[in-house]
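An overview of the molecular structure
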Amino acid sequence: MPPRRQRPRESPALVAFGRQMRRLREAKDVKQETIAHLTKVSGPQVSRIENGKKRATRSFVVAVDDYLEAGGSLISLWEDLNKDGHPVPIWFDWPQIESDAVMLVSWENSVIPGLAQTPAYALAMLRGNQEAAEARISRQAILTRDDDSAPLTVLFLLDEHVLYNLVGTPETMREQLEHLLELSLLPNVTVQVVLSSGEHEGVLGAFVVATMEDRSEIAYIETAIRGITTDNPADLSNLARTLVELRSQALTQEMSRELIRKVIEERWT
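Figured I'd write up the structure that's included with this text. (Residues numbered from 1 in each chain as written. Predicted model: local features only at pLDDT ≥ 70, side-chain atom pairs only at ≥ 80, totals over all residues. Heavy atoms only, no water.)

Buried together is how nonpolar side chains tend to be arranged in soluble globular proteins. Residues Trp94, Leu104, Ile112, Leu163, Leu177, Leu180 and Ile260 are the most contacted members of the largest nonpolar core, which totals 38 residues. Here this core gets 5 residues from one element, more than from any other, and that element is helix α10 (residues 170–184). When sequence neighbours within four positions are dropped, the list of residues in contact with Ile112 reads Gln117, Tyr121, Leu158, Val162, Gln176, Leu177 and Leu180. Within the second largest apolar cluster, 17 residues are counted, among which are Met21, Val30, Phe60 and Leu68. (Core = buried A, V, L, I, M, F, W, Y, C linked by side-chain atoms within 4.5 Å. Buried < 20%, exposed > 50% of the residue type's maximum accessible area, 1.4 Å probe, protein only. Helix = DSSP H or I, 4+ residues; strand = E, 2+ residues; numbered from the N terminus. Contact = heavy atoms within 4.5 Å.)

What follows is the structure, given as structure tokens:
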């Protein structure tokens, strides 16, 4: 599910690091492309780091500090701004990330994901908060956007339990599952159901992985306390392994549609 509270667009810690790196680079008259070649990352990723929109790894910082002859100052700043391996806070503005992404892979183990919810389902989930429900529904425009931005590919992976979990009324559920079927017919949207077994790491919680145009990734992870948005490589690697496991246990899209139709008929009609 998407975060329910508005969050600042950038992490102050990442912004502080990015600005200092830019100052040091420009003082040496070094181009971003040079840093990209040196560190073996893309030019857009270097730009995102300097703009406070992407976390730099320690190995990246060490290489840049050495090349810019910063005398360890950039490394020290990175270490000062990191607590337990993460800059604080560790989130980005998820709605903006979601909008800028070229691919979203969403795993949900308890409810329909926000981008696939009907107005009635969203309103029930948000306890009648009309403004919040409308804001959530408005974000779904990215599924059918027709502009100059890169086309968006979306994969919704749903635990079978989601289809049976009553949210709102039976009429709300029937409408919601019918909407899910309609979404699955869009050329850029895939819906797959993972049969409930309790034998995969996906039972630990919901998450979404966004792939950006420069191929970098950012993930939104649900926790019992709040959502966390991260681009930490270790986090992304763990989520990638979980997705491989989930995809291996998922029904095909057509089989998923058949199951959804069956649940509508037997449970919500």
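So, on to the sheet that holds strand β7 (residues 217–221). Spatial strand order, β5-β4-β3-β6-β7-β8: 6 strands in an open sheet with mixed pairing. The sheet is open, and its two borders are formed by β5 (189–194) and β8 (228–230), each paired with just one other strand. Along the sheet, successive strands turn relative to each other by an average axial angle of 10 degrees, direction set aside. (Pairing = 2+ DSSP bridges. Axes fitted to C-alpha atoms, helices over the stretch in contact; angles between N-to-C directions.)

How two helices sit against one another is set out by the angle between their axes and by the gap between those axes. Two numbers describe how helix α2 (residues 32–39) lies on helix α3 (residues 43–50): the axes approach to 8 Å, and their chain directions differ by 110 degrees. The angle between the axes of α2 and α3 places the two elements in the roughly perpendicular class. For the pair α2 and α3, contact is made by Gln32, Ile35 and Ala36 and by Gly43, Val46, Ser47 and Glu50, respectively. Each residue belonging to the contact of α2 with α3 can be placed in one class, and the counts come to 3 nonpolar, 3 polar and 1 charged. (Parallel < 35°, antiparallel > 145°, perpendicular 65-115°, else oblique. Nonpolar A, V, L, I, M, F, W, Y, C, P; charged D, E, K, R; others polar.)

This part covers the side chain of Ser216. If you trace the backbone, Ser216 turns up in the loop between β6 (207–211) and β7. Excluding residues within four positions of it along the chain, Ser216 makes contact with Gln45, Arg48, Lys54, Ala210 and Thr211.

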